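Structural description and commentary
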Amino acid sequence: MSIIETIHVALKEVSQIEEISDGVRVTTHCMYPSNGLVQVVVRGMGDSFVVSDEGGAIDELISSGANVTHSKQALERLAGSHGLNYSNGVLYSPNASRESLPVAILLVANAAKDVSNWLFSHTKIKRKKDFKKIVKEFLNHAFEQNKPHEAQIVGKSNKPHSFENVIVLSAGRRLVVDAVIHDANSINARVVANLDVRGAGYEKLEQRIVYDDEDSWPVGDLELLQLGAIVVPFSRSEAVFRRLAA
């Protein structure tokens, strides 16, 4: 394979186009401060389309544990400086024709990246101590249509285990998201609970353990977490849960 072919293949893996219920989601090459790729959604028909960041720029700040304290007017001005509109946390383009749609996609993606960078540079982020609360708030925002709830699930040992974040997905699927802090008791308790539930062999049950990758985790502790369920660093969780929700 030539270098040109290699690059073509690599870029196709990064840039994806996915049909959703009311439009098309496009994964672009632009990157947020977390190194996550900017995704935009295109809606419309005929010769009139609107491109939106779906609140991605704002979500980046929320995911960091910070509150969005900037005024609506300030965010509207910031969006306007990029030729875009702003409403309820979302950046979106004016109506775009079919011919101008590629440019509109690039414009919104670049603007979302720039707005996210601006928000981080103009926000004093005070790291919350309660990592589990950060994860709960993030999941409430990510799964607005079907918010996570607390539930007990019986394991292979017939012992019921409590989980703070159980999300019902399509076709009867369930997703369990367990937030773990870097503490021996927390690690052991959640590994045991997830391992026991996994041993019960429930169909259509997905389990994930989320950890705060801003902390320094020894390899041994991460390997221990993996005994219970698939492990997800919090900084990468948005893309993971978006795929699971599809």
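This section reports on the structure supplied with the text. The structure presented is a predicted model; accordingly, all values stated were derived computationally and were not measured.

**So, the nonpolar core**
By size, the foremost hydrophobic cluster in this structure holds 27 residues, and its most contacted members are Val38, Val40, Val42, Val51, Leu91 and Ile105. Among the secondary structure elements, those contributing two or more residues to this core are strand S2 (23-31), strand S3 (37-45), strand S4 (48-52), helix H2 (56-63), helix H3 (72-80) and helix H4 (101-121). Considering each element in turn, this core owes the most residues, 9 residues, to H4. Non-local contacts of leucine 91, meaning those with residues more than four positions away in its chain, are made with Val51, Ser52, Asp53, Ala57, Ala79, Asn85, Tyr86, Val108, Ala111, Ala112 and Val115. In terms of nonpolar packing, the next biggest core, distinct from the first, is built from 17 residues, Ile134, Phe138, Phe143 and Leu169 among them.

**What about the side chain of serine 116?**
Relative to the elements of secondary structure, serine 116 occurs in helix H4. The exposure class of serine 116 is buried, given its relative accessible area of 0%.

**With respect to the packing of helix H6 (residues 184-199) against helix H7 (residues 219-228)**
Running from N to C, H6 and H7 point in directions that differ by 30°, and their axes come no closer than 7 Å. One element, H6, and the other, H7, form an angle in the roughly parallel class. Contacts from Ile187, Asn188, Val191, Asn194, Leu195 and Arg198 in H6 reach Asp221, Leu224, Leu225, Gln226, Leu227 and Gly228 in H7. For the contact of H6 with H7, the residue count by class is 6 nonpolar, 4 polar and 2 charged.

**Describing empty space enclosed by the protein**
A complete count under the given rule lists 1 cavity of 30 Å³ or more for this structure. The computed volume of the largest cavity comes to approximately 40 Å³. Forming the walls of the largest cavity are Asp53, Ala57, Ile58, Leu75, Tyr86, Gly89, Leu91 and Val115. For the lining of the largest cavity, the class distribution of residues is 6 nonpolar, 1 polar and 1 charged.

**Some remarks on the packing of H2 against H4**
Interhelical geometry of H2 versus H4 gives an angle of 30° and a closest axis separation of 8 Å. Crossing of H2 against H4: the hand is right-handed. Where H2 approaches H4, its residues Ala57, Ile58, Glu60 and Leu61 are matched on the opposing element by Ala112, Val115, Ser116, Leu119 and Phe120. Grouping the constituent residues of the contact of H2 with H4 by class yields 7 nonpolar, 1 polar and 1 charged.

**Quick word on helix H8 (residues 237-245)**
For H8, the complete set of buried residues consists of Ser237, Val240, Phe241 and Leu244. In an axial view of H8, the angular spread of the buried residues amounts to 90°, which keeps them on one side of the axis. Each element contacted by the buried residues of H8 is listed here: helix H5 (131-142), strand S9 (174-180), strand S10 (205-211) and strand S11 (230-233).

**Things to note about the environment of glutamate 19**
Checked against the element boundaries, glutamate 19 lands in strand S1 (residues 17-20). Each C-alpha atom, one on glutamate 19 and one on valine 42, is 9.6 Å from the other, the two residues being 23 residues apart in sequence.

**What about the packing of aromatic side chains?**
Within this structure, the stated rule accounts for 5 aromatic pairs. Measuring from centroid to centroid gives 5.5 Å for phenylalanine 138 and phenylalanine 234, while their planes differ by 80°, and the two rings are edge-to-face. One end of the pair, phenylalanine 138, is in helix H5; the other, phenylalanine 234, is in the loop between S11 and H8, with 96 residues separating them in the sequence. For phenylalanine 234, a relative accessible area of 7% translates into the label buried. Seen in terms of ring centroids, phenylalanine 138 and phenylalanine 241 are 6.4 Å apart; in terms of plane orientation they differ by 45°. Their pairing is tilted. Here phenylalanine 241 lies in helix H8 and phenylalanine 138 lies in helix H5, a separation of 103 residues in the sequence.

**Re the pairing of S10**
The buried fraction of S10 is high, at 6 of 7 residues. Looking at chain direction, S9 and S10 are connected through 7 bridges and run parallel. Its bridge partner lying in S10, arginine 174 is registered against leucine 205. Relative to S11, S10 runs parallel, the two being bridged by 4 bridges. Bridging from a neighbouring strand, isoleucine 209 pairs with valine 231 of S11. Read as a crossover between parallel neighbours, the route from S10 over H7 to S11 is right-handed.

Here is what the cut-offs are and how they apply
Residues numbered from 1 in each chain as written. Predicted model: local features only at pLDDT ≥ 70, side-chain atom pairs only at ≥ 80, totals over all residues. Heavy atoms only, no water. Core = buried A, V, L, I, M, F, W, Y, C linked by side-chain atoms within 4.5 Å. Buried < 20%, exposed > 50% of the residue type's maximum accessible area, 1.4 Å probe, protein only. Helix = DSSP H or I, 4+ residues; strand = E, 2+ residues; numbered from the N terminus. Contact = heavy atoms within 4.5 Å. Axes fitted to C-alpha atoms, helices over the stretch in contact; angles between N-to-C directions. Parallel < 35°, antiparallel > 145°, perpendicular 65-115°, else oblique. Nonpolar A, V, L, I, M, F, W, Y, C, P; charged D, E, K, R; others polar. 1 Å grid on protein atoms, 1.4 Å probe; cavity = no way out; pocket = protein on both sides within 12 Å on 5 of 7 lines; lining within 4 Å. Points joined across faces, edges and corners; volume = space filled by probe spheres on them. Left-handed = near helix turned anticlockwise from the far one by under 90°. Arc of directions from axis to C-beta. Phe/Tyr/Trp six-rings, centres within 6.5 Å; stacked < 30°, edge-to-face > 60°. Pairing = 2+ DSSP bridges. Right-handed = clockwise from strand over helix to strand, strands pointing away.

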